[in-house]
Every structure is written in structure tokens, then in C-alpha cells.
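# Coordinates in review
Residues per chain, in single letters:
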Amino acid sequence: MARKTLRDYIRTIPDFPHEGIMFRDVTTLFADPRGFRMCIDQLLHPFADQRIDKVVGLEARGFILGGAVAHQLSVGFVPIRKKGKLPAATLSQEYQLEYGSATMEVHDDAILEGERILIVDDLLATGGTAEAGIKLVERLGGVVTGCAFIVDLPDLGGRKRLEDMGMTVEALCA
Ligand code: PRP
Ligand code: ADE
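Read on for a plain summary of the structure.

### Observations concerning unusual backbone geometry
- Cis geometry marks the peptide bond from Phe-16 to Pro-17, where omega comes out at -5 degrees.
- Its location among the elements puts Pro-17 in the loop between strand S1 (11-14) and strand S2 (22-25).
- At the junction of Glu-59 and Ala-60, the peptide bond is cis and its omega measures out at 0 degrees in the coordinates.
- Note on placement: Ala-60 falls in the loop between strand S3 (54-58) and helix H3 (61-73).
- If you check the backbone angles, Asp-15 has positive phi at about 60 degrees while not being a glycine.
- As for its placement among the helices and strands, Asp-15 is situated in the loop between S1 and S2.

Here it is, written out as C-alpha cells:
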């Protein structure tokens, strides 16, 4: 039998959280030791020879990935969270989702001027969440070296949206 690819570890749940959404559930990938290691190694690979000062993870699954990537790079990790979750002073950025709208926040002292930042999340759909993350990093003076995702849903236009902002976008599967 052929070896499983990363895509084989991800399951799709129809009509979650709303009718018509094909939800890519990466918890099955995270739960498998080989799948999870393969995923972290592959996320890091394009950035291996670049200077990265911090990894930013986007709530919620970006925390799981970003923590592992930051550990592997021996750099710090910064969470970007949904509104109202971070305890200290924050910057806020509104964004539109594939299903609804929301606000993301970052602690205003989490990133220093000129720091080189890798943004990590599980999935790129419309790109609204990642765009909000990029804007927050840049408003703090950080430089986004790239955005890394497990899944890119190309029909939803996120990659083009981020590339039009001048971003390097890496995704492991569609
Ligand atoms: C999902 C996913 C990304 C975002 C991508 O998170 O983990 O963060 O949607 O969509 P976009 O490219 O259209 O912005 P979700 O909003 O479901 O939040 P959660 O991780 O807190 O469940
Ligand atoms: N976030 C936005 N669209 C999604 C999808 N189809 N699967 C998982 N997360 C998502």
C-alpha cells in the first residue's frame, strides 16, 4: 500500500459549521504522530534558511502549529486571538470570514520594530484572517517573511489576496 500523504490525514466534514461549508478538519492530522511531524517539517522547510525572529499563530489551530514550529526554530511564539481573549493592551483588526465577520487582536508589545515574522495557520480560505494577522504584525513594525498553511482552498481566493499584498504564501495541500 502507498505511504499516506499529508492530505490523507485530513478529513472533510460537510455542512460544518454551516450548510454548504466543506470543513477541512485537521484534528485527525494532529492526532497522528507521523502526520503531525510531517506537517511541522513541511511547514518549516521553505523558511529553513531565512532569519525568523518570531512565529505568529492565528487562533485557534494556528496555535498548535505555530507553537511546534517556533519550538523547532528555537524562536518565540506570539498568539493572534479573537477579540477579548488577550489580557494586556492590544491592537485590533476587523476582518470578514468565509462565514461571518470577526476581530483579531495582538498584544501591543508582542512584536518589536523590524522583527521578522512567520505567520502560521491551518487553512487559507478567503484570506481575511491572514490579512488581519499581517496587518497587525505590520502595525507593530514587524516584517512578515511569509505565511504558511497546511491547506489552501484556491477557489476562495486567499492566496491571490495575500500575494497581491506582496506576501510569500506556502501551503502544503489543497
Ligand atoms: C479558520 C481557519 C483560519 C480561517 C481561514 O478559522 O483556521 O484561521 O478560518 O479562513 P479565511 O481565510 O477565510 O479567513 P475559524 O475562523 O474557523 O476560527 P477557529 O480557528 O477559531 O475555529
Ligand atoms: N475556515 C474557513 N473555511 C474553512 C473550511 N472550509 N474548513 C476549515 N476551516 C475553514
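Past the structure itself, the notes keep going.
### Section: the site of ligand 1
- The environment of ligand 1 is made up of 16 residues, and the closest members are Lys-82, Asp-121, Asp-122, Thr-126 and Thr-129.
- In the environment of ligand 1, an oxygen atom lies 2.8 Å from a nitrogen or oxygen atom belonging to the backbone of Gly-127.
- Within the backbone of Gly-128, an N or O atom sits 3.4 Å from an oxygen atom of ligand 1.
- Within the complex, 87% of the 500 Å² of free accessible area of ligand 1 lies under protein.

### Quick notes on the pattern of salt bridges
- Tallying each qualifying case throughout the model produces 11 salt bridges.
- Notably, a salt bridge pairs Arg-11 with Asp-25, separated by 2.6 Å at the nearest N-O pair. With Arg-11 in strand S1 and Asp-25 in strand S2, this residue pair connects regions lying 14 residues apart in the sequence.
- Overall, Arg-11 belongs to the partly exposed group, its relative accessible area being 43%.
- Since its relative accessible area comes to 10%, Asp-25 is described here as buried.
- Note that Lys-54 is salt-bridged to Glu-115, the shortest N-O span being 2.7 Å. Of this pair, Lys-54 sits in strand S3 while Glu-115 sits in the loop between strand S6 (100-107) and strand S7 (116-124), placing them 61 residues apart in sequence.
- Given a relative accessible area of 13%, Glu-115 falls into the buried group.
- Each of Glu-131, Lys-135 and Arg-161 takes part in one network of salt bridges that share partners.

Basis of the calculations
- Residues numbered from 1 in each chain as written.
- Chains lettered and ligands numbered in written order.
- Predicted model: local features only at pLDDT ≥ 70, side-chain atom pairs only at ≥ 80, totals over all residues.
- Heavy atoms only, no water.
- Helix = DSSP H or I, 4+ residues; strand = E, 2+ residues; numbered from the N terminus.
- Near = heavy atom within 4 Å.
- Polar contact = N/O pair within 3.5 Å; in protein donor to acceptor, adjacent residues only side chain to side chain.
- Areas by Shrake-Rupley, 256 points an atom, 1.4 Å probe, with all protein chains shown as cover.
- Salt bridge = Lys/Arg side-chain N within 4 Å of Asp/Glu carboxyl O.
- Buried < 20%, exposed > 50% of the residue type's maximum accessible area, 1.4 Å probe, protein only.

Honestly, that's just the spatial picture; any functional story needs more than this.
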